[in-house]
Structures are given as structure tokens and as C-alpha cells.
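# Structural characterization, general
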Amino acid sequence: MVRRTSFADADQIRDRLVSLIRIPSITGQEDAAIAQIADWLQELDAEIDYWNDGIASLQRDPRYPGHEVERAWAPVVVGVVRGDRPGPSVLLTGHVDVVPPGDYGPWNDEPFSGVMRDDRIYGCGAADMKSGLIAAMTAFAAFASGERNFPGRVVFAAVPAEEDSGLGTLAAIRGGWDADAAILPEPTIVDDIPELVIAHAGAMSLKIEVPGRAAHASNRLQGESALDHFITLLHAMRADEQAVNARETNPLMTAHKLPYATNVGVISGGRWSSTVMDSLEAQVRIGVALDESVDQAEQRFRDAIAKACRKDRWLVENPPRITRMAAGFGSSATDPDHPLVTAMVESAEEEFRQTPAVTAAPYGCDMAGWVRLAGIPTVLYGPGRIDVSHAPNEWVSLESTYRVARVIIRATERLLETDLPTAKPPA
């Protein structure tokens, strides 16, 4: 019997990855990338579901995570290949959206060039996660191209808006798509070998508005600097960050230097250098621990800010305003003894001739949506590197993309022949 790994073609992977990188699918502008993937799926003998979930409908969903980028809809495309007999469903999925490339100055090439040098393909989204998406689609095509002499079904889903709270995965779940296990090829390579990520931290974003009182700079003490009071709150944020990390005991998470980071990403305030700053607005990203929900993480943050305010006379009388920008991703984890983990470890061992490290990630991703909203055991295993993602000159190894595709094919073969346990109900 022909091994399905033989259907993985490195030249086709290269060509499709370069084509996809050249589509500037910045979050909120994913339509062309989804359309391209739909065209590729049309070339296969597979069922296709392609739709736009309207933003108004998504906002009415009680599971709506919020979003920060303006959009009218979330485009999603799903392909399905069914075997010749009943069996489990395996989902292969990833996102098409990328973060903006920022200043073009540090880029050696145009950010969406898809240029290749030696084994590396460069471009915005190369690592996070267009290479992983192409690897997943290559694995899906291996089942669509060969004989259907397997049980169950293989589902491939390309979604938007992962970089903006996971709205696309919610749209896919709302479309009725589910599975017994899911593989999500986010960037997991460390030292040239992909790690198997079975747990990850969550993340959410909040806006905090700090009031001050204007005064002439020469009479600074007559005013109340919003910046000075924000610094008081920043110390409270750092103390809260330290506390949530100190209480973590899961060895997969404690292996990271800072599993749950609090980051102030945007600050704006003030009107003139000669005027005491009378207001300040900051956008803050906080980590969500494995043992807490997004709501619990937000309350933890609010409690820390409230405690700091009680020690500041001005803030007692003029408390800051905190609003949720986006719920983002909750944390999530898959049981290390689940057959999905076993299948991935065995398949990676065959391809790379060494056992992959089973780890956790400090970042949020669509895994949380599939685990928390759909109850689907999910793992991360992909060809990109997180240390080059969201950065100038982002790149991915073509060989790694090819080999990850082969691992996913092997793992899917194993899972389809496994009596998978019933998925837990969504949280």
C-alpha cells in the first residue's frame, strides 16, 4: 500500500507557501487569502463549505470574544474528506491572518515578497502561521488524493482573525464543524525540532484610563500628573504579574521564565510639554493562567488596580476607568495521556528520529477556542519559530514545513484507526 506521506510534495509546498505569503492578509483583510485556499481545495475531490459569518451575528453570540480590528464579516473555508467506513473525525486547522509588518526599514525584502534563500522562505506570516497552514492543507490533500480506504473523516479549516481574539475559530465552530481531535500547526520549533505543545497560557486586552489635573508646568505641584499615577498602577500590575506566576505549579508552564506576562503595549496622554498631563490611556495585555477563566483574570487585574488605588489619595477620589477591549484567548490544555498526544509523539519520532519535547506555550492561540468552546482535544505542532514571528525578516524552513506535513499525515492516519474517547463538553 502506498504511504500517504508520499503525497507530500516539497515543490508544491514551496509554491503554495510563497503564493500565500504574497497575499497581504493582515487581520481584517483576509478575504483574498481565504479565497485562494478555497481555490486550492476546489482542485481536490473534497466537500467544501465556504461562508462569511457576519460581525453583527458574531457579536450577539454569548461566546463572542470581542475584536479590535474593524470588519464586516469573518470569512471561513472548510474542506472535508470522508473515508469508506465510520470512524473518528480529525481536524487540521490554522489561521490566514498576519500582524501588520510595521516599519519597512528593518526588512531586507518587501514584507510580502515570499523570497526564498537556500532553505528559508521569508515574509510576513511565514512562520506565524502560513507555513503551518500549508502543512495542514498538504496533509488534508494526502487523504483527498489517495484511496478512501480509511475510517472516519478528515476536516481542514482555514480561519481569519486569530491575531484578533480568535473570532474566526468561533465562526467555524458556529458553522457546526467539530471533531474528536485537532492538530493546529502554530510555530513550535525550538533548535530546529518541533516541540509538541499540549497547554498554553491565555491572553486578553484591557484599556485603562487614568485621570489627572492640568496645571502649568512651572507650577507642576498644583496639578496631578496622570503619568505619575499610572506609574503607581504599573507597579501594581507588575506585582500582580509576579503573584500569578509564583502560584503556578504545572511544570509545563513553570519551565518558562514568565508564563503569564502583563504588557503595556500602547500609551497615549497629554496635550503639551508645558502642561501637567491631565489624562492618560493605556492598552494592556494580561496573561490568563491555566487555572482561571478570562473573566477571573480580568477580575484579578481589577482587584490589583483597586488595591493600589486605595493607597493613593488622588486615585481614591478619581479612580481609573478599566474597560475590556477583547476577551482574547482563554488558556487551555489537553490531557498528556490522550491518544492525540501519543499519535503525535509516535509520528514525530518516525520522521525526526527523536522524541519531541512535550511542552506548554506562554502565548494564546486558537487552541483555546477549539478546547474551551467546542470541547475538542487539541495540540500545537508546527514548522515556524515563535522567536522570529511578528518580527522583521520573519522566515520559515521549507524542509521543516515539509517534514511537519509528513508528521501530521502519519498522526492523522493513527488517529483515524483509534477509538478516540468522547470529547468533554465545552467549558
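Here, every reference points to the structure presented above.
Read on for a plain summary of the structure. (Residues numbered from 1 in each chain as written. Predicted model: local features only at pLDDT ≥ 70, side-chain atom pairs only at ≥ 80, totals over all residues. Heavy atoms only, no water.)

## Describing the overall build of the chain
Rule in force here: Only DSSP runs of H or I covering at least 4 residues are called helices, and only runs of E covering at least 2 are called strands; the numbering of each starts at the N terminus. Exposure classes here rest on a 1.4 Å probe applied to the protein chains alone. A residue is buried below 20% of its type maximum, exposed above 50%, and partly exposed in between. Only heavy atoms matter for contacts: two residues are in contact if any of them lie within 4.5 Å across the pair. His is not counted here, nor are the chain ends, while Lys and Arg score as positive and Asp and Glu score as negative. Every charge is mapped onto a representative atom, which is NZ of Lys, CZ of Arg, CG of Asp or CD of Glu.
Along the chain, the regular secondary structure elements total 12 helices and 18 strands. Expressed as lengths along the three principal axes of its C-alpha atoms, the size of the chain is roughly 85 × 45 × 40 Å. Looking at the 427 residues of the chain, the share that counts as buried comes to 56%. Contacts spanning at least 24 positions in sequence make up 82% of the contacts within the chain whose residues lie at least 6 apart. Each charge class in the chain was averaged separately, 40 positive and 60 negative side chains, and the resulting centres sit 4 Å apart.

## Details of the packing of aromatic side chains
The test is simple: We call Phe, Tyr and Trp rings a pair once their centres come within 6.5 Å, taking the six-membered ring for Trp, and we label the pair stacked below 30 degrees between planes, edge-to-face above 60, and tilted otherwise.
The final tally for this structure, using the stated rule, is 2 aromatic pairs. Consider the rings of F140 and F156, whose centres lie 5.9 Å apart with planes at 35 degrees: the pair is tilted. Of the two residues, F140 is situated in helix 4 (residues 126-145) and F156 in strand 6 (residues 151-159); the sequence distance between them amounts to 16 residues. Summarising the burial analysis for this pair, F140 and F156 share the class buried. Ring geometry for F143 against F150: centres 5.4 Å apart, planes inclined by 85 degrees, an arrangement best described as edge-to-face.

## Considerations on the pairing of strand 10 (residues 196-200)
For clarity, the cut-off: Whether two strands pair depends on DSSP finding at least two bridges between them.
Burial within strand 10 is extensive, with 5 of its 5 residues counted as buried. In this sheet, strand 16 (residues 358-361) lies alongside strand 10 in parallel orientation, the contact comprising 4 bridges. Paired with L196 across the strands is V358, a residue of strand 16. In this sheet, strand 15 (residues 332-333) lies alongside strand 10 in antiparallel orientation, the contact comprising 2 bridges.

## Considerations on the nonpolar core
Put simply, the rule reads: By convention a nonpolar core is built from buried Ala, Val, Leu, Ile, Met, Phe, Trp, Tyr and Cys residues, the set being connected through side-chain atoms within 4.5 Å.
Counting 60 residues, the largest nonpolar core has I37, L92, F156, I183 and M344 as its most contacted members. The element best represented in this core is helix 4, accounting for 12 residues. Beyond its immediate stretch of four places on either side in the chain, F156 contacts I37, L41, V77, V78, G79, L92, L133, A136, M137 and F140. Of all hydrophobic cores here, the second largest spans 31 residues; its members include W51, V80, L167 and A361.

## Structural notes on the sheet that holds strand 11 (residues 202-211)
Here is the rule: Axes, fitted as lines to C-alpha atoms, cover a helix only where it is in contact. Angles between the N-to-C directions of the axes lie from 0 to 180 degrees.
The strand order 12-13-11-14 describes an open sheet built from 4 strands, whose pairing is antiparallel. Only two strands of the sheet have a single partner each, and these edge strands are strand 12 (263-269) and strand 14 (321-329). Between one strand and the next, the sheet's axes are offset by a mean angle of 15 degrees, whatever the strand orientation. Taken together, the 6 bridges between strand 11 and strand 14 define a ladder with antiparallel strand orientation. When the bridges of strand 14 are listed, E209 appears paired with R321. The strands that helix 6 (residues 226-246) touches are strand 11, strand 12 and strand 13 (279-288); relative to strand 11, the one it contacts most, it runs at about 150 degrees. Docked against the sheet, helix 8 (residues 294-309) engages strand 11, strand 13 and strand 14, running at close to 150 degrees with respect to strand 14.

## Comments concerning unusual backbone geometry
A cis amide bond links D128 to the next residue, M129, at an omega of -10 degrees. Relative to the helices and strands, M129 is located in helix 4. Positive phi values are uncommon outside glycine, yet R353 reaches one of about 60 degrees. Here R353 falls in the exposed class, since its relative accessible area comes to 68%.

## Thoughts on helix 1 (residues 10-21)
To keep things clear, this is the line we draw: One fewer than the residue count of a helix, multiplied by 1.5 Å, yields its expected span. Any pair of nitrogen or oxygen atoms within 3.5 Å is treated as a polar contact; in protein, a donor-acceptor pairing is required on top of that, and neighbouring residues in sequence qualify only through side-chain atoms on both sides.
Here helix 1 contains 12 residues, and its C-alpha end-to-end distance of 16 Å stays within 8% of the 16 Å for a straight helix at 1.5 Å per residue. Listed as buried for helix 1 are I13, R16, L17, V18, L20 and I21. For helix 1, the secondary structure elements touched by its buried residues are helix 2 (31-42), strand 5 (120-122), helix 4, strand 18 (395-397) and helix 12 (398-416). Two or three places before D11, at the start of helix 1, stands the capping residue D9, its side-chain oxygen 3.1 Å from that residue's backbone nitrogen.

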